[in-house]
Amino acid sequence: MRRHTSFLLVFITATFPVYISGYSNGKVSSACASMNPDHGANAQTTTAPYQITANSSTFNPGDTIKVTLKSNSGSNFKGFLLEARAAGSSSTGTPVGTFHTTSQEAQLLNCNIDGTTYMNSAVSQTSGSVKTEVDVNWIASDTGNIEFRATFVQTKKTFWIQVKSPTIQRSATSISPTTINNSSTASPTMMRTINQPEEISSNGCGTRKFCFSNPARCNPASDANCFFMASTPESNRGFRFEMSGKADGYISIGFSDDKIMGNDDIYICGVGTSGNIEVQHAYATGKVRPRTEQLGEVDNINVTNKNGVIQCSFIMRNNISTAQRAANNMYYLFFAYGPSAGGQIGMHPEAPFISTEKVDISLVQSAEGNNDRSILIKTHGALMLIAWMTTGSIGMIIAKFFKSIGGNKKILGKNIWFQLHSFLMMLTVGATIIGFVLAFVQVKGWSFNAEAHAVLGCIVMGLTLIQPTVAVFRPAPDDKRRCIFNWFHTLTALATKCLAVAALFLGLLQINGEWSLKILGGFVAWEALTYIMLYVCWYSEDNALYSKLKKKVQPNLLILILYLCGNLAFLIALLVGIGLS
């Protein structure tokens, strides 16, 4: 199926050499309201040599009607625009129902009229080739009597607009309360549906519709930070879905047999290639971008995007498809959101909100969506920060600059500085191992959206295990190979620390965003300044002025104390940020 195309581009292109270069692909959705191709000429007033026929004169909501555009007396056409309108409505009304294309000559358009996007509500040509007949399918919405209207373009200066089909009658037994008598503008038998977006709210949750939200029981009508989904069973099969959430690209709801991404049916409200919000159907096969599916039996689509809050509602009559196809229609619900580009969704920056248990969306109830993996994510991040900001950093500084701690005193046969260094580094190794394991427990596999972070994390884990292993087999201090160990141990520690800090930057970007990067950047600068000052002290040992200063205060010890205070301040700020994220 071809998406987001505009009728105008097409007929202009097909018919007129000048406009053809710009609009032969039919992408002119801006003309949906008037159906006028705006070719710089007036539409023909004579009877059009074309006709619109349908294979049914009546319909019920959800029915599929085959619509045919064809020429009479051998008059070909190059461009066209087809819509369904309420019978007897004005020439600038809004389209109703949705189309499916069955021909390579036709493509679907999303019409945006007065700020409201009507998904797949029109059809136009895909090229400027000569045509004599085109077939498409129209899916009926919950509306009154309708008529099909089309614009036919023969040449740039010769075209007919608003060519009408015979009225297609809504079956009298299926007219719903949402369809009203338009007696002010038509006869008593003429019906139309007011197709305007309704406010999405939590009203009716637990009493007349199923609701799924985070925070619990939030109201999207008053809370911009409310992630919300509701479903109301339709009397003639299917559900009316409502979705709302703050996102910079898309929001989505998924149906799963478990709490792991993969084999999930998904409906997405997101920014398409046209820049407008569109409803998409997709299927997740794993931790990769879900594959696009046919939209299927989806109609009555309404969407809005105000102040970054995306909202949409639609009626869905498709069967929900998962790997197991639970017979009792019980599913875990996933609510995810994130960026999009070029009409394709990107990876959600945070784990989706998942229902705590399987739910039946046909039952009237309220359910909460929790990110049940957030605790693991936060714990993983906290352990890595503690390991590589505090215990590891202090352990490395002690081994480099404070071997004089305790003098010749020993603990368990080893110098105090060495025992302190070993203790801090073992804490670092332990925290790294636990954090590493938690990451894999959380993801249950490889996370494609965190690939660089994951790769660096694996390298850091490997180097972290190498260090204590090599240290166990280190040569004696007077061994001639001891210098090889010293260099290897030092360079490996430096490489591990640099890669760990890089992994911290990537990890914090996923959890907290840019503000946390500034704090971590401040810590790196603080540690660099500490090393510079300690090196200055080290190289000033033989300086007379420095020796005189040491009699009053230990500069390197004072620097260490200041470093510890700054280190803890940066660490606490980041841990609090993770806890609040």
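In this text the structure is predicted, and so the values were computed from the model without any measurement.

**What about the overall build of the protein chain?**
Inference 1: Secondary structure summary: the protein chain contains 9 helices and 29 strands in total.
Inference 2: Residue burial in the protein chain is summarised as follows: out of 581 residues, 50% are buried.
Inference 3: A fraction of 63% describes how many contacts in the protein chain between residues 6 or more apart in sequence connect residues 24 or more apart.
Inference 4: With the model as given, the accessible surface of the protein chain reaches about 26,700 Å², and the carbon-plus-sulfur share is 58%.

**Thoughts on the sheet that holds strand 5 (residues 98-101)**
Inference 1: Pairing is antiparallel across the open sheet formed by 4 strands, whose spatial order is 1-3-8-5. Of all the strands in the sheet, just strand 1 (50-54) and strand 5 have a single pairing partner and so form its edges. Each neighbouring strand pair of the sheet contributes to a mean axis angle of 30°, computed without reference to strand direction.
Inference 2: Examined bridge by bridge, strand 3 (residues 64-71) and strand 8 (residues 133-139) share 7 bridges and lie antiparallel to one another. Each residue of the ladder has a partner; that of Thr64, found in strand 8, is Ile139.

**What to know about the packing of aromatic side chains**
Inference 1: Tallying each qualifying case throughout the model produces 26 aromatic pairs.
Inference 2: Between the aromatic rings of Tyr50 and Phe152, the centroid separation amounts to 4.7 Å while the plane-to-plane angle is 15°, which identifies the pairing as stacked. With Tyr50 in strand 1 and Phe152 in strand 9 (residues 146-155), this pair connects stretches of sequence that are 102 residues apart.
Inference 3: Ring geometry for Phe241 against Tyr267: centres 6.4 Å apart, planes inclined by 35°, an arrangement best described as tilted. Taken together, the positions of Phe241 in strand 16 (residues 239-246) and Tyr267 in strand 18 (residues 264-271) put the pair 26 residues apart, joining distant regions of the chain. The same class applies to Phe241 as to Tyr267, namely buried.
Inference 4: The rings of Phe239, Phe241, Phe255, Tyr267, Phe314 and Tyr331 are connected pair by pair, giving a single aromatic cluster.

**Remarks on the pattern of salt bridges**
For side chains bearing opposite charge, pairing can occur when the charged atoms are close.
Inference 1: Applying the stated criterion across every chain yields a total of 12 salt bridges.
Inference 2: Linking Arg291 and Glu293 is a salt bridge whose minimum nitrogen-to-oxygen distance equals 2.5 Å.
Inference 3: Note on Arg291: relative accessible area 44%, which makes it partly exposed.
Inference 4: Exposure remark for Glu293: the relative accessible area of 28% places this residue in the partly exposed category.
Inference 5: Between Glu527 and Lys497 there is a salt bridge, and its shortest N-O distance comes to 2.9 Å.

**Observations regarding helix 9 (residues 555-580)**
Inference 1: Here helix 9 spans 38 Å end to end across 26 residues, near enough to the 38 Å set by a 1.5 Å rise per residue.
Inference 2: Where helix 9 is concerned, the buried positions are Pro555, Asn556, Ile559, Leu560, Tyr563, Gly566, Asn567, Leu571, Leu574, Gly577 and Ile578.

**Quick notes on unusual backbone geometry**
Negative phi values dominate among residues other than glycine, just as trans dominates among peptide bonds.
Inference 1: Geometrically, the link from Asn214 to Pro215 is a cis peptide bond, its omega value of 0° lying close to zero.
Inference 2: Note that Pro215 resides in the loop between strand 14 (210-214) and strand 15 (227-233).
Inference 3: The phi dihedral of Met35 is positive, around 65°, even though this residue is not glycine.
Inference 4: The topology assignment puts Met35 in the loop between helix 2 (17-23) and strand 1.
Inference 5: The backbone phi angle of Asn300 is positive, close to 50°, even though this residue is not glycine.
Inference 6: On the basis of relative accessibility, which here comes to 24%, the residue Asn300 falls in the partly exposed class.

**A short note on the state of the cysteines**
Inference 1: Following the criterion strictly, the structure yields 4 disulfides and no others.
Inference 2: One disulfide bridge connects Cys205 with Cys211, the sulfur atoms lying 1.9 Å from each other. The disulfide joining Cys205 to Cys211 has a torsion of about -80° about its S-S bond and is therefore left-handed.
Inference 3: Taking relative accessible area as the criterion, Cys211 reaches 3% and is therefore assigned buried.

**Quick notes on the nonpolar core**
Inference 1: One finds Met229, Ile253, Phe255, Cys269, Phe314, Leu333 and Ile361 to be the most contacted residues of the largest nonpolar core, which totals 33 residues.
Inference 2: Looking at this core, the element that brings in the most residues is strand 22 (residues 309-316), giving 4 residues.
Inference 3: If you look at the next biggest cluster of nonpolar residues, it comprises 32 residues, including Ala500, Ile519, Leu520 and Leu534.

**Considering the pairing of strand 10 (residues 158-164)**
Inference 1: With 5 bridges joining them, strand 9 and strand 10 adopt antiparallel strand pairing. Its bridge partner lying in strand 10, Thr155 is registered against Thr158.
Inference 2: Counting the residues in the hairpin turn of strand 9 and strand 10 gives 2 residues.

**As for a nonpolar patch on the surface**
Inference 1: A contiguous nonpolar surface patch, about 300 Å² in accessible area, is contributed by Ile433, Val437, Val441 and Leu465.
Inference 2: Here the nonpolar patch takes 3 residues from helix 4 (residues 416-443), the largest share from any one element.
Inference 3: The topology assignment puts Ile433 in helix 4.
Inference 4: The exposure class of Ile433 is partly exposed, given its relative accessible area of 34%.

**Things to note about the side chain of Arg149**
Inference 1: Checked against the element boundaries, Arg149 lands in strand 9.
Inference 2: Only 3.1 Å separates the side chain of Arg149 from the side chain of Gln162, close enough to count as a polar contact.

**Section: the sheet that holds strand 7 (residues 116-125)**
By definition, the strands of a sheet pair up through backbone hydrogen bonds, in either a parallel or an antiparallel sense.
Inference 1: Spatially, the 5 strands line up as an open sheet ordered 6-7-4-9-10, and their pairing is antiparallel. Since the sheet does not close on itself, it has two edges, and those belong to strand 6 (106-113) and strand 10, each with one partner. Here the strands of the sheet are splayed against their neighbours by 25° on average, with no regard to which way each runs.

**So, the side chain of Thr98**
Inference 1: Structurally, the position occupied by Thr98 is in strand 5.
Inference 2: At a separation of 3.3 Å, a polar atom in the side chain of Thr98 contacts the main-chain carbonyl oxygen of Val298.
Inference 3: When neighbours within four sequence positions are excluded, Thr98 is seen to be in contact with Met119, Asn120, Asn137, Trp138, Ile139, Val298 and Asp299.

**Focus: the environment of Leu69**
Inference 1: Note that Leu69 resides in strand 3.
Inference 2: Considered as a pair, Leu69 and Leu82 are 13 residues apart in the sequence and their alpha carbons are 8.7 Å apart.
Inference 3: Aside from chain neighbours lying at most four places away, what touches Leu69 is Gln51, Ile52, Phe77, Phe80, Leu82, Thr132, Glu133, Val134, Ala150 and Phe152.

**Description of the confidence of the model for the protein chain**
Inference 1: Confidence in the prediction of the protein chain, expressed as mean pLDDT, is 81, and 85% of residues score 70 or more.
Inference 2: Low pLDDT (under 50) marks residues 173-196, which in the prediction has 39 contacts with non-local residues, meaning those over four places away or in another chain.

The rules behind the values
- In every chain, residue numbers begin from 1 and rise along the written sequence.
- This being a predicted model, a pLDDT of at least 70 is required before a residue's local features are given, and a value of 80 or more before pairs of side-chain atoms are given or counted; all residues contribute to the totals for chains, interfaces and linings.
- Hydrogens and water are ignored here; the side-chain numbers use all heavy atoms of the structure.
- Think of it this way: any DSSP run of H or I at least four residues long counts as a helix, any run of E at least two long counts as a strand, and we number them from the N terminus.
- Three labels apply to residues, based on accessible area from a 1.4 Å probe with only protein chains included: buried if under 20% of the type maximum, exposed if over 50%, partly exposed otherwise in between.
- Note on contacts: a residue pair qualifies if any of its non-hydrogen atoms lie within 4.5 Å across the two residues.
- The method behind every accessible area is Shrake-Rupley, applied with a 1.4 Å probe, and residues are considered shielded solely by the protein chains displayed.
- DSSP bridges decide pairing: two strands pair if at least two such bridges lie between them.
- In this description, a line fitted to the C-alpha atoms serves as the axis of each element, helices being fitted only across the stretch in contact, and the angle between N-to-C directions of two axes falls anywhere from 0 to 180 degrees.
- A pair of aromatic rings is counted whenever rings of Phe, Tyr or Trp (Trp by its six-membered ring) have centres within 6.5 Å, and the orientation is called stacked for planes under 30 degrees apart, edge-to-face for over 60 and tilted otherwise.
- A side-chain nitrogen of Lys or Arg and a carboxyl oxygen of Asp or Glu constitute a salt bridge if their distance falls within 4 Å.
- Multiplying 1.5 Å by the residue count of a helix minus one yields the expected span of that helix.
- When the sulfur atoms of two cysteines come within 2.5 Å, that pair is taken as a disulfide.
- By nonpolar core we mean a set of buried residues, namely Ala, Val, Leu, Ile, Met, Phe, Trp, Tyr and Cys, connected to one another through side-chain atoms within 4.5 Å.
- Exposure above 30% relative accessible area and no salt bridge define the residues that can form patches, which grow by joining like charges within 9 Å and nonpolar side chains of Val, Leu, Ile, Met, Phe, Trp and Tyr within 5 Å.
- Residues adjacent in sequence count toward polar contacts only when both atoms are side-chain atoms; beyond that, a polar contact is any pair of N or O atoms within 3.5 Å, and within protein one must be able to donate a hydrogen and the other to accept it.
- Note: pLDDT gives the predictor's confidence per residue, expressed from 0 to 100.

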